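# Reading the structure
The residues making up each chain are set out below.
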Amino acid sequence: MARIEKSARRKRTTVPLRLVLITVAAAAAFAAQFAVQHSEGAPDLNVSHWIGRSPEPIAGIASVIDGDTIEIHGQRIRFNGIDAPESGQPCDDAKGVRYRCGAKAAAALDGFLAASRPVTCAFVAWDRYNRFVGDCHRADGTSVAVWMVEHGQALDWPKYSHGAYAAQQAKAEAAKIGLWVGKFQAPWDWRAAHGDNARPAVSQPLGIISRQVAQSYTCQPRRTCSQIGSCDEANWYLSNCPWGGKLDRDGDGLPCESLC
């Protein structure tokens, strides 16, 4: 009888201890996830993404969200190791005239990707906005990140790239193309100064807009910039017409810069 009572007491004391240990472990996991997701500038991996194998590469026709983010098959993809101006970010050109450098970077990316489809992105990490962070290449093998930095439309982000694109950035700066033609604030500094107003874009992808408008465009007759009515139209000719390259006189990926 005494043994039965001792056994019962042991069971009564063991159960609460087990519950305590489970509660403490759950709280620790939650605290770790919260710390990672809210540390400024960190990759911010979700706990759900730590378990299991990494996602397979994603390939398809990309829609441009901004200068460093695209969407393929409904998945937002952030380019690894580079940072482009935000959609609403202003910069100054060579004459000190303010322009929307974020919109210009997005338009350059759209034209570049349209020239060789599809895009393939290899997984690197998940970020705090649940975006797939990846290394992306066009169908012809050209690195998207390399092209964007080399043409002055994005910056090497040493915090994550460890200087992988420093040489391309130095080349763009020396040639004074893209952002380097005038004055600008590094995108990460601009976001820090503008808080919630600088969160990732959630608007309709640029590529979707371009495809809708493109239904009325044709490559004949040949056109000059003075005969073109919008940046979307100019980008379509650049990407689809054999004479489209003539619209991009300085080779920076942007046609008819008076429009774009």
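Heads up: the structure comes first, above all this text.
Each value, and the rule that gives it
Numbering of residues starts from 1 in every chain and runs along the sequence as written. With pLDDT at 70 or above as the cut-off, local features in this predicted model cover only qualifying residues; side-chain atom pairs require 80 or more to be listed or tallied, and sums for whole chains, interfaces and linings still use all residues. Neither water nor hydrogens contribute to the side-chain values; these are computed over all heavy atoms in the structure. Burial classification: accessible surface area is computed with a 1.4 Å probe over protein chains only, and a residue below 20% of its type maximum counts as buried, one above 50% as exposed, and the rest as partly exposed. Secondary structure is summarised from DSSP: a helix means a run of H or I of at least four residues, a strand means a run of E of at least two, and numbering begins at the N terminus for each. Each direction from the helix axis to a C-beta atom contributes to the arc, which is the arc of those directions. Pairing between strands requires that DSSP locate at least two bridges from one strand to the other. Only C-alpha atoms enter the line fits that serve as axes; for helices the fit covers just the stretch in contact. Angles between N-to-C directions range over 0 to 180 degrees. Contact between two residues is taken to exist if any of their heavy atoms lie within 4.5 Å; hydrogens are not considered. In plain terms, two cysteine sulfur atoms within 2.5 Å form what is called a disulfide here.

Every buried residue belonging to helix α7 (residues 187–194) is among P187, W190 and R191, and all of these are buried. The buried residues of α7 all sit within an arc of 100 degrees when viewed along its axis, so they share a single face. What points out from α7, more than 90 degrees from its buried face, is the exposed set A192 and A193. Within two residues after α7, G195 carries a phi angle of roughly 55 degrees, on the positive side.

Another aspect to go through is the sheet that holds strand β4 (residues 75–79). The strand order across the open sheet formed by six strands is β1-β8-β9-β4-β3-β2, and the pairing between neighbours is mixed. With partners counted over all chains shown, the strands left at the sheet margins are β1 (58–60) and β2 (63–66), one partner each. In this sheet, neighbouring strand axes are inclined to one another by 40 degrees on average, regardless of whether the strands run parallel or antiparallel. Two elements, β4 and strand β9 (residues 132–137), share three bridges in a ladder whose sense is parallel. Pairing of I77 across the sheet is with F132, part of β9. Strand contacts of helix α3 (residues 101–114): β2, β3 (69–72), β4 and β8 (119–126), with the helix running at about 160 degrees to β2, the strand carrying the most contacts.

Under the counting rule described, the total for this entry stands at three disulfides. With its sulfur 2.0 Å from that of its partner, C91 forms a disulfide with C101. Handedness of the C91-C101 disulfide follows from its S-S torsion of about 60 degrees: it is right-handed. In this pair, C91 sits in strand β6 (residues 90–92) while C101 sits in helix α3, placing the two residues 10 residues apart along the sequence. At a sulfur-sulfur separation of 2.1 Å, the disulfide partner of C121 is C136. Handedness here is read from the sign of the S-S torsion; for C121 and C136, about 115 degrees, the answer is right-handed. Here the residue C121 occupies a position in strand β8, and C136 occupies one in strand β9, the gap between them amounting to 15 residues.

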